[in-house]
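Structural features, examined
Listed below, chain by chain, are the residues.
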Amino acid sequence: MNRKDREVTDFEEITEIINSCDTLRLGINNGEYPYVVPLSFGFEAVDDQIVFYTHSAKKGLKLELIKKNPKVCVEIDGMNGYVETARGVTTNYRSFIGFGTAEIADYEGAVKGLDLLLQHCNITGYSAEECAKLGITTVLKITVDKYTAKRFKGNG
């Protein structure tokens, strides 16, 4: 990491960064070019382990690529405008980048993932179990193996 002064290592602060953002960008290997798709998400963070859940149609390029190579990259960020610094202008931001493995969740994992997604997106009035029973959605579970987080705030 180039700017160590902006690195976030406190796990609670990292989960706050993730929780404050609403879009996860999933990077998947597609041969010559990477394939990146923005997704809504839910997550759980326990004992320095982060697991994301996203939902998907039952078929499509994303699932085809993950079946070929489940190693993925996730990126989450938020921006709070621009600030002047001693050397110019920079972005007041927070970000998370993680590397891990994506898999299709089993039924119990799908219910859990949909529940976390509904919570994170502040969607009420839906049952994750009822949504899973419909059988029209695939839930991806992304287990993060390594990650970094950064933020800049203030007048530095």
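Preceding block: the structure.
Residues numbered from 1 in each chain as written. Predicted model: local features only at pLDDT ≥ 70, side-chain atom pairs only at ≥ 80, totals over all residues. Heavy atoms only, no water.

**Description of the packing of aromatic side chains**
In plain terms, the rule: When two rings of Phe, Tyr or Trp (its six-membered ring) have centres within 6.5 Å they constitute a pair, described as stacked for plane angles under 30 degrees, edge-to-face for angles over 60, and tilted for the intermediate range. Strands are runs of DSSP state E lasting at least two residues, helices are runs of H or I lasting at least four, and both sets are numbered from the N terminus onward. Throughout, exposure labels follow a simple rule: accessible area from a 1.4 Å probe, protein chains only, divided by the maximum for the residue type, with under 20% read as buried, over 50% as exposed, and the rest as partly exposed. Two conditions define a charge sitting above a ring: the NZ of Lys or the CZ of Arg must be within 6 Å of the ring centre, and it must be within 35 degrees of the ring normal.
Within this structure, the stated rule accounts for 5 aromatic pairs. An angle of 65° between the planes, with centres 5.8 Å apart, marks the rings of Phe52 and Phe96 as edge-to-face. Linking Phe52 in strand 4 (residues 49–56) with Phe96 in strand 6 (residues 88–104), this pair joins segments that are 44 residues apart in sequence. Among the residues examined, Phe52 registers a relative accessible area of 0% and is labelled buried. Linked through ring pairs, Phe41, Phe43, Phe52, Phe96 and Tyr147 together constitute an aromatic cluster. Between Lys146 and the ring centre of Phe99, over which it is positioned, the NZ or CZ distance is 5.8 Å.

**Topic: helix 3 (residues 107–120)**
One turn of the α-helix equals 3.6 residues, which is why residues spaced by three or four share an orientation. This is how the line gets drawn: Multiplying 1.5 Å by the helix residue count minus one yields the expected span of that helix. The contact criterion used is simple: two residues touch if any of their non-hydrogen atoms lie within 4.5 Å.
The end-to-end C-alpha separation of helix 3 is 20 Å, in line with the 20 Å expected for 14 residues at 1.5 Å each. Those residues of helix 3 lying buried are Gly109, Ala110, Val111, Gly113, Leu114, Leu116, Leu117, Leu118 and His120. Where the residues of helix 3 are buried, they touch helix 1 (11–19), strand 3 (42–46), strand 4, helix 4 (128–134) and strand 7 (138–152). Backbone geometry just downstream of helix 3 places Asn122 in the positive-phi region, at approximately 55°.

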